[in-house]
Amino acid sequence: MSTNQTMKVGILGFGGLGQAATKVLAPKQEMDWVAAADLKGYAYCETGLEPQKAIATYHQQGSIGYLEPHGTLSNHSIKNLLETAQVDGYFLALPNLPNTFMADVARQFIASGWKGVLVDALKRTSAVEQLLQIRRELETAGITYMTGCGATPGLLTAAAAVAAQSYHEIHQVKITFGVGIANWEAYRATIREDIAHLPGFNVDKAKAMSDAEVEAFLDQTNGILTLENMEHADDIMLELAGICSRDQVTVGGVVDTRNPKKPLSTNVQITGRTFEGKISTHTFTLGDETSMAANVCGPAFGYLKAGFSLHRRGIHGLFTAAEIMPHFVR
Ligand code: NAD
């Protein structure tokens, strides 16, 4: 691990969130962005990469592997980057398509002998369950893995965990999100994974859709996705944290893929009974001006920093956004 002041950070996946993550990191003093990988290549510079140049290369040529002079083209970009780079922690901004992909990437880290901190913004309950199955292996490998650390799950789950403290008994946690993005191509995996939640779809079906098919589908819905009773890991995370059972947690929302304005204000409502017998609801609402990227990447790095603090103390294994406080990255 580098000095306490500067953590060397890598980003796996260089799409919408991966690129936004580099901009979030740019003004930070405590974290240096040194590595990234996408499907076709990777880039590494131990003294730091430049976001603008990297993003321009990705848009013009389709892979960060073309970045001069630090990029390398590869069909095994994660494996090759792991063999090459000195990185303290990675943000996994990868698509979880298929639904087993993130757990496979975690196994790849374990097999490589790498030690450090990983953070993801995984969404599905079943994906977090797969990581739970390898928590001992992560611990033995010396990896501190922070899962479910985006917006939802992530920021809103953590807010629910804090809000729950007013109550003796939790009755319901209701998460409602509004996302507005100017065009779906900026966040292909996010939109495919959201489509997978709609009636008549599943993860494999959404993964198999071509870009033209996604486009045609969005034409039918005017670019709007309305999602209800989603399989979202906020439920298992709050259950693991001992706050409520997973069937008391509901997640739904509206995504507008043609307008950066949020179609509704993202919020979490936590209903419970106090020790005096009063039933009440706390509501935590995100500012409408904050983007999905800000609400995912900010918390992800906050949890990465918290993960570094655990790792330095020899605490390894799997942790969720509902059981650890994020640290603020300066
Ligand atoms: P995207 O489609 O814009 O980009 C994905 C990137 O991953 C691309 O650069 C692609 O080249 C790369 N990639 C794909 N397969 C790869 C492989 N095998 N090896 C290396 N790189 C590979 O994705 P996005 O829209 O930024 O979403 C990323 C993830 O973030 C999704 O899983 C999404 O569900 C999740 N997300 C979570 C939250 C949350 O609040 N928890 C919110 C939004 C998105």
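Everything discussed here concerns the structure shown above.
A short tour of the structure in this document, coming up. Only a predicted model underlies this, so the values are computations on that prediction, with no experimental measurement involved.

1. Regarding the overall build of the chain
Counting its regular elements, the chain contains 12 helices and 13 strands. A compact globule built from 330 residues would reach a C-alpha radius of gyration of about 20 Å, and the chain, at 19 Å, matches this within 12%. The principal-axis extent of the C-alpha atoms belonging to the chain is close to 65 × 50 × 35 Å. Classification of the 330 residues of the chain by burial places 55% in the buried group. Excluding contacts between residues fewer than 6 apart, the proportion of contacts in the chain whose partners are at least 24 apart in sequence is 75%.

2. Focus on helix H10 (residues 211-220)
Taken as a whole, H10 has its buried residues at Val-214, Phe-217 and Leu-218. Along the long axis of H10, the arc covered by the buried residues comes to 100 degrees, so they all point the same way. Exposed side of H10, more than 90 degrees from the buried face: Ala-212, Asp-219 and Gln-220 are the residues found there. In this structure, the buried side of H10 is in contact with helix H8 (188-195) and strand E9 (224-227). Two residues or fewer after H10 comes Asn-222, characterised by a positive phi angle close to 60 degrees.

3. Quick word on the sheet that holds strand E8 (residues 169-180)
Backbone-to-backbone hydrogen bonds join strands into a sheet, with any given pair of strands oriented parallel or antiparallel. Spatially, five strands are ordered E9-E10-E8-E11-E12 in an open sheet, and the strand pairing comes out mixed. Each of the sheet's edge strands pairs with one partner strand only, and the pair in question is E9 and strand E12 (279-285). Shown here is a sheet whose adjacent strand axes are inclined to one another by a mean of 10 degrees, direction ignored. With eight bridges connecting them, E8 and strand E10 (residues 249-256) associate as parallel partners. Across the sheet, residue Ile-175 finds its bridge partner in E10, namely Val-251.

4. Regarding the pattern of salt bridges
Per the stated rule, a full pass over the model turns up 13 salt bridges. Between Arg-192 and Asp-211 there is a salt bridge, with its nearest N and O atoms 2.6 Å apart. Placement of Arg-192 in helix H8 and of Asp-211 in helix H10 is noted, with a sequence separation of 19 residues between them. By relative accessible area, which is 10% here, Arg-192 ends up buried. Of the charged contacts, one joins Glu-239 and Arg-246 as a salt bridge, the two residues approaching to 3.0 Å between their closest N and O atoms. Residue Glu-239 is classed as partly exposed on the basis of its relative accessible area, which comes to 30%. Through salt bridges with shared partners, a single network forms among Glu-30, Lys-305 and Arg-330.

5. Re the site of the ligand
Close contacts around the ligand come from 29 residues, with Leu-17, Tyr-58, Ala-189, Thr-190 and Glu-193 the closest. Residue Thr-190 places a side-chain N or O atom 2.6 Å away from an oxygen atom belonging to the ligand. Within the complex, the protein chains bury 88% of what would otherwise be the 880 Å² of accessible surface of the ligand. The set of elements that each furnish at least two residues to the shell around the ligand consists of helix H1 (16-25), helix H3 (77-84), H8 and helix H12 (292-312). With four residues, the single largest contributor to the shell around the ligand is H8.

6. Comments concerning the pairing of strand E1 (residues 7-12)
Most of E1 sits out of view: five of its six residues are buried. Summarising the sheet, E1 and strand E2 (residues 31-38) pair through six bridges and their orientation is parallel. Bridge assignment links Ile-11 to a residue of E2, and that residue is Ala-36. One crossover worth recording links E1 to the parallel E2 by way of H1, and it is right-handed. Relative to strand E5 (residues 89-92), E1 runs parallel, the two being bridged by four bridges.

7. Focus: the layout of surface pockets
It is a probe the size of a water molecule, rolled over the atoms, that shows where empty space is left. Of the volumes computed, that of the second largest pocket is approximately 220 Å³. Contributing to the lining of the second largest pocket are 13 residues, with Gly-298, Pro-299, Gly-302, His-327 and Phe-328 lying nearest its centre. Listed by contribution, the elements that provide at least two residues to the lining of the second largest pocket are helix H7 (155-163) and H12. Per-element accounting of the lining of the second largest pocket gives the leading share, five residues, to H12. Looking at the lining of the second largest pocket residue by residue, the class counts come to nine nonpolar, three polar and one charged.

Rules behind the numbers
Residues numbered from 1 in each chain as written. Predicted model: local features only at pLDDT ≥ 70, side-chain atom pairs only at ≥ 80, totals over all residues. Heavy atoms only, no water. Helix = DSSP H or I, 4+ residues; strand = E, 2+ residues; numbered from the N terminus. Rg over C-alpha atoms; globule rule 2.2 N^0.38 Å. Buried < 20%, exposed > 50% of the residue type's maximum accessible area, 1.4 Å probe, protein only. Contact = heavy atoms within 4.5 Å. Arc of directions from axis to C-beta. Pairing = 2+ DSSP bridges. Axes fitted to C-alpha atoms, helices over the stretch in contact; angles between N-to-C directions. Salt bridge = Lys/Arg side-chain N within 4 Å of Asp/Glu carboxyl O. Near = heavy atom within 4 Å. Polar contact = N/O pair within 3.5 Å; in protein donor to acceptor, adjacent residues only side chain to side chain. Areas by Shrake-Rupley, 256 points an atom, 1.4 Å probe, with all protein chains shown as cover. Right-handed = clockwise from strand over helix to strand, strands pointing away. 1 Å grid on protein atoms, 1.4 Å probe; cavity = no way out; pocket = protein on both sides within 12 Å on 5 of 7 lines; lining within 4 Å. Points joined across faces, edges and corners; volume = space filled by probe spheres on them. Nonpolar A, V, L, I, M, F, W, Y, C, P; charged D, E, K, R; others polar.

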